[in-house]
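Structural description and commentary
In case you want the letters, here they are:
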Amino acid sequence: QVQLVESGGGLVQAGGSLRLSCVVSGPIADYYTMGWFRQAPGKGREFVGGISWRLGPTSHADSVKGRFTVSRDIDKNTVYLQMNNVQLEDEAKYYCAARPWGPTVATLPRSYDFWGQGTRVTVSS
């Protein structure tokens, strides 16, 4: 069973930066893809970005392109979401997810089988 544990959320000022981490444990295979999603109160879960676990190609939502970057460190079994120039509309709970298929990054939540518990990002003006 793949397990995902996010960390790094917290309070950030608009225009600031934050880095989220997702530690992956369990039998993750090279063909897996990893995704970051977010969910604001009263809204659906939204794709933020993703990465092929072994090959490394990434994909990012238009709303975060140029500001957020997904990366991974295979040796540390960790996926990162670097958030720069954070805006008020980025405030949400952020989730890490794993999909046992790849290397194309899927953008729909239903494509992912494993989820972390989420980490909250609060943005102050």
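Residues numbered from 1 in each chain as written. Predicted model: local features only at pLDDT ≥ 70, side-chain atom pairs only at ≥ 80, totals over all residues. Heavy atoms only, no water.

1. Thoughts on the sheet that holds strand 7 (residues 68-73)
Here 4 strands make up an open sheet; going across it, the order is 1-3-8-7 and the pairing antiparallel. Both outer strands of the open sheet, strand 1 (3-7) and strand 7, are each paired with one neighbouring strand and no more. Across the sheet, the mean angle separating the axes of adjacent strands is 20 degrees when strand polarity is ignored. Pairing between strand 3 (residues 18-25) and strand 8 (residues 78-83): 6 bridges, direction antiparallel. Bridged to Leu-20 within strand 8 is Leu-81. (Pairing = 2+ DSSP bridges. Helix = DSSP H or I, 4+ residues; strand = E, 2+ residues; numbered from the N terminus. Axes fitted to C-alpha atoms, helices over the stretch in contact; angles between N-to-C directions.)

2. Observations regarding the pairing of strand 4 (residues 33-39)
The buried fraction of strand 4 amounts to 6 of the 7 residues, a majority that puts the element mostly inside the structure. Counting the residues in the hairpin turn of strand 4 and strand 5 (residues 46-52) gives 6 residues, including Gly-42, whose phi is positive at 80 degrees. Bridge count for strand 4 against strand 9 (residues 92-99) is 7 bridges, and the pairing is antiparallel. Its bridge partner being in strand 9, Trp-36 is matched across the sheet by Cys-96. (Buried < 20%, exposed > 50% of the residue type's maximum accessible area, 1.4 Å probe, protein only.)

3. As for the pattern of salt bridges
Where charged atoms of side chains with opposite charge meet at close range, the side chains can pair. A complete count under the given rule lists 5 salt bridges for this structure. Across the pair Asp-30 and Arg-54 runs a salt bridge whose closest N-O atoms are separated by 3.2 Å. With Asp-30 in the loop between strand 3 and strand 4 and Arg-54 in the loop between strand 5 and strand 6 (58-60), this pair connects stretches of sequence that are 24 residues apart. Put simply, Arg-38 and Asp-90 hold a salt bridge, and the shortest N to O gap is 2.9 Å. Of this pair, Arg-38 sits in strand 4 while Asp-90 sits in the loop between strand 8 and strand 9, and the two are 52 residues apart along the sequence. Comparing Arg-38 with Asp-90 shows no difference in burial state: the two are buried. Among the charged side chains, a salt-bridge network with shared partners connects Arg-38, Glu-46, Arg-67 and Asp-90. (Salt bridge = Lys/Arg side-chain N within 4 Å of Asp/Glu carboxyl O.)

4. Side note on the state of the cysteines
Inspection of every chain in the model, using the stated rule, returns 1 disulfide. Sulfur-sulfur distance for the disulfide between Cys-22 and Cys-96 comes to 2.1 Å. Taking the sign of the S-S torsion, -75 degrees for the link of Cys-22 and Cys-96, the bridge is left-handed. Within this pair, whereas Cys-22 is found in strand 3, its partner Cys-96 is found in strand 9, the two being separated by 74 residues in sequence. Of the two residues, Cys-22 and Cys-96, both sit in the buried class. (Disulfide = S-S within 2.5 Å.)

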